[in-house]
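Here is how the chains run, residue by residue.
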Amino acid sequence: MDSVAALFCTGALLVGGIYWFVCVLGPAEQKGKSAASLSGGSISSEKVGDKFKQYWSFFLRPPSEIRAKDKDTVPDFVDTFYNLVTDIYEWGWGQSFHFSPSVPGHSHASATRLHEVRASDLISANPDHRILDVGCGVGGPMRAIASHSRSRVVGITINEYQVGRARAHNRKAGLDSTCEVIRGNFLEMPFEDNSFDGAYSIEATCHAPRLEDVYAEVFRVLKPGAKFVSYEWVTTDKYRASDEEHVAVIRGIEQGDALPGLRSYSDIATVARAVGFEVLKEEDLAAPPAGPWWTRLKMGRIAYWRNHVVITVLAAIGIAPKGTVEVHEMLFKTADFLTRGGQSGIFSPMHMILLRKPSNAASASASK
Ligand SMILES: C=C(CC[C@@H](C)[C@H]1CC[C@H]2C3=CC[C@H]4[C@H](C)[C@@H](O)CC[C@]4(C)[C@H]3CC[C@]12C)C(C)C
Ligand SMILES: C[S@@+](CC[C@H](N)C(=O)[O-])C[C@H]1O[C@@H](n2cnc3c(N)ncnc32)[C@H](O)[C@@H]1O
């Protein structure tokens, strides 16, 4: 009898321990995504490890070399990146793949929504509008903006797997009649000239080798007089190319986030004007008095260790693809570079620029 009781107690402790470890100790976001369903996106399970190695050796090279020699293959590697990370992002962060300033008294979810709705208000999105989401991910911002503004939103992403996830989330949220998702390259968009009443891009254009190419495409598809807002990833005026620590942090951010070279904040408006936009407003939304955007990354550290153990176990027993462990390790390190970039103030993921296509603009972009 004693041994049965001991067995029962051990079993109960084990189950309780696992529950505590997985669910209580910093639960992952788990909005529609559980650890057991982590995949390599559209990449088959056995190829995840190889694809990760290819990704890593591509982005290990200096950005200047990537842009000079392989500008045209960047979107393919960005696509691979999102196959590798989309499930982990959703599981550990949620459906909005971006940062937001922390706001006293607001949860992360609520601060995220405020940041998204701000973009919608800046472009004055309204129920008569058809709005473009440039680089839409799995559609967190799209759903928030469609609900808030009642406008129709069309999102474009390079990654087919994200299209499936975004459409499923839209259906579940009852927003599939107002939100549409298309697979395509934002450097050559499959949309008519002058066909959108507004556009926004949240932390996505940083993947373009040349900012002018994506801005020129947005310019082309916007109706004259329509507004475009972008939250850009940039180095700030505190960044010094002569400081080794600064360079290492920025390289770490580029490699772990599929970026062909971060731009300086001072280049954004110049590019926008060169393709024909009027600059209405420009502001670093990360600058004080805004609350720090990186606190969520720092606070998550214990959960990342827990996630690492969960992924390692799931990969060992064949539930998660083997290469997922390496992908997670990369994200773990990237989180540290991003935090250092935020704390030192040399990097901002939310340099906001608000642009307008002049009312008298011709339909096609001037820059191409
Ligand atoms: C705009 C981009 C993505 C920004 C963020 C959404 C992501 C940047 C780094 C990501 C993460 C880092 C650590 C992960 C952690 C180790 C894991 O256990 C759970 C997921 C992370 C928190 C993950 C979540 C998304 C990020 C914060 C780029 C790519 C242009
Ligand atoms: C960091 S995610 C941000 C997603 C979304 N804006 C959000 O905040 O949730 C960047 C997005 O840009 C998309 N992207 C990157 N390069 C692209 C390209 N060349 N064409 C289309 N989409 C691209 C990715 O597929 C991804 O959906």
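No experiment lies behind these values; they were computed from the predicted model shown.

Draft legend 1. Up close: the overall build of the chain. The helix and strand tally for the chain stands at 13 helices and 8 strands. Here the chain, with 368 residues, has 53% of them falling under the buried criterion. Contacts in the chain between residues far apart in sequence, at least 24 positions, make up 81% of those at least 6 positions apart. Surface accessibility of the chain: about 16200 Å² in total, with carbon and sulfur atoms responsible for 57%.

Draft legend 2. Quick peek at the site of ligand 1. If you check the shell around ligand 1, you find 22 residues, and the closest are Tyr82, Glu203, Trp233, Asn307 and His328. Asn307 is positioned such that a nitrogen or oxygen atom in its side chain is 2.7 Å from an oxygen atom of ligand 1. Separating an oxygen atom of ligand 1 from a side-chain N or O atom of His328 is a distance of 2.5 Å. Taking a 2 Å distance to the grid points as the criterion, the majority of the atoms of ligand 1 fall inside the largest cavity. Sorting the residues of the shell around ligand 1 by element identifies helix H4 (74-92), helix H12 (301-316) and helix H13 (324-344) as the ones contributing at least two each. Looking at the shell around ligand 1, its residues break down into 15 nonpolar, 5 polar and 2 charged.

Draft legend 3. Focus on the environment of Asp70. Its location among the elements puts Asp70 in helix H3 (residues 63-70). Overall, Asp70 belongs to the partly exposed group, its relative accessible area being 23%. In contact with Asp70, other than residues within four places in its own chain, are Phe58, Arg61 and Glu65. Here the side chain of Asp70 touches Arg61 through a polar contact of 2.9 Å, side chain to side chain.

Draft legend 4. Quick look at the packing of helix H2 (residues 48-59) against H13. H13 packs onto H2 with a crossing angle of 35° between their chain directions and a minimal axis gap of 8 Å. On the side of H2, the interface is formed by Val48, Phe52, Tyr55 and Trp56, while H13 contributes Thr324, Glu326, Val327 and Met330. Residue composition of the contact of H2 with H13, grouped by class: 6 nonpolar, 1 polar and 1 charged.

Draft legend 5. Representation of the site of ligand 2 within the structure. In the neighbourhood of ligand 2, 19 residues make up the surrounding shell, with Phe97, Gly135, Thr157, Gln162 and Phe186 lying closest. Measuring from a nitrogen atom of ligand 2, one finds a backbone N or O atom of Ile158 at 3.1 Å. Applying the majority rule of atoms within 2 Å of the grid points places ligand 2 in the second largest cavity. When grouped by side-chain class, the residues that make up the shell around ligand 2 number 9 nonpolar, 9 polar and 1 charged.

Draft legend 6. The arrangement of empty space enclosed by the protein in detail. This model, assessed by the stated rule, comprises 2 cavities of 30 Å³ or more. In this model, the largest cavity occupies a volume close to 490 Å³. When grouped by side-chain class, the residues that make up the lining of the largest cavity number 17 nonpolar, 6 polar and 2 charged. Every residue lining the second largest cavity is counted, 28 residues in all, and those nearest its centre are Tyr82, Gly135, Cys136, Ala204 and His207. Those elements that place two or more of their residues in the lining of the second largest cavity are H4 and strand S2 (152-157). Among the residues making up the lining of the second largest cavity, the classes are represented as 16 nonpolar, 10 polar and 2 charged.

Draft legend 7. Representation of the packing of aromatic side chains within the structure. Scanning the entire structure with this criterion turns up 23 aromatic pairs. Seen from their ring centres, Phe99 and Trp293 are 4.8 Å apart, and the 55° between their planes marks the pair as tilted. Note that Phe99 is positioned in the loop between H4 and helix H5 (108-122) and Trp293 in the loop between strand S7 (278-284) and helix H11 (295-299), a separation of 194 residues in sequence. By relative accessible area, Trp293 is classed as buried at 3%. The structure contains a cluster of three or more aromatic residues connected by ring pairs, namely Phe52, Tyr55, Trp56, Phe58, Phe59, Phe77, Phe81, Tyr82, Tyr89 and Phe97. Geometry around Phe58 places Arg61 over its ring, the cationic atom sitting 4.8 Å from the centre. Against the face of Phe219 rests Lys357, its NZ or CZ located 4.9 Å from the ring centre.

The rules behind the values
- Residues numbered from 1 in each chain as written.
- Chains lettered and ligands numbered in written order.
- Predicted model: local features only at pLDDT ≥ 70, side-chain atom pairs only at ≥ 80, totals over all residues.
- Heavy atoms only, no water.
- Helix = DSSP H or I, 4+ residues; strand = E, 2+ residues; numbered from the N terminus.
- Buried < 20%, exposed > 50% of the residue type's maximum accessible area, 1.4 Å probe, protein only.
- Contact = heavy atoms within 4.5 Å.
- Areas by Shrake-Rupley, 256 points an atom, 1.4 Å probe, with all protein chains shown as cover.
- Near = heavy atom within 4 Å.
- Polar contact = N/O pair within 3.5 Å; in protein donor to acceptor, adjacent residues only side chain to side chain.
- 1 Å grid on protein atoms, 1.4 Å probe; cavity = no way out; pocket = protein on both sides within 12 Å on 5 of 7 lines; lining within 4 Å.
- Sits in = over half its atoms within 2 Å of the grid points.
- Nonpolar A, V, L, I, M, F, W, Y, C, P; charged D, E, K, R; others polar.
- Axes fitted to C-alpha atoms, helices over the stretch in contact; angles between N-to-C directions.
- Points joined across faces, edges and corners; volume = space filled by probe spheres on them.
- Phe/Tyr/Trp six-rings, centres within 6.5 Å; stacked < 30°, edge-to-face > 60°.
- Lys NZ or Arg CZ within 6 Å of the ring centre and 35° of its normal.

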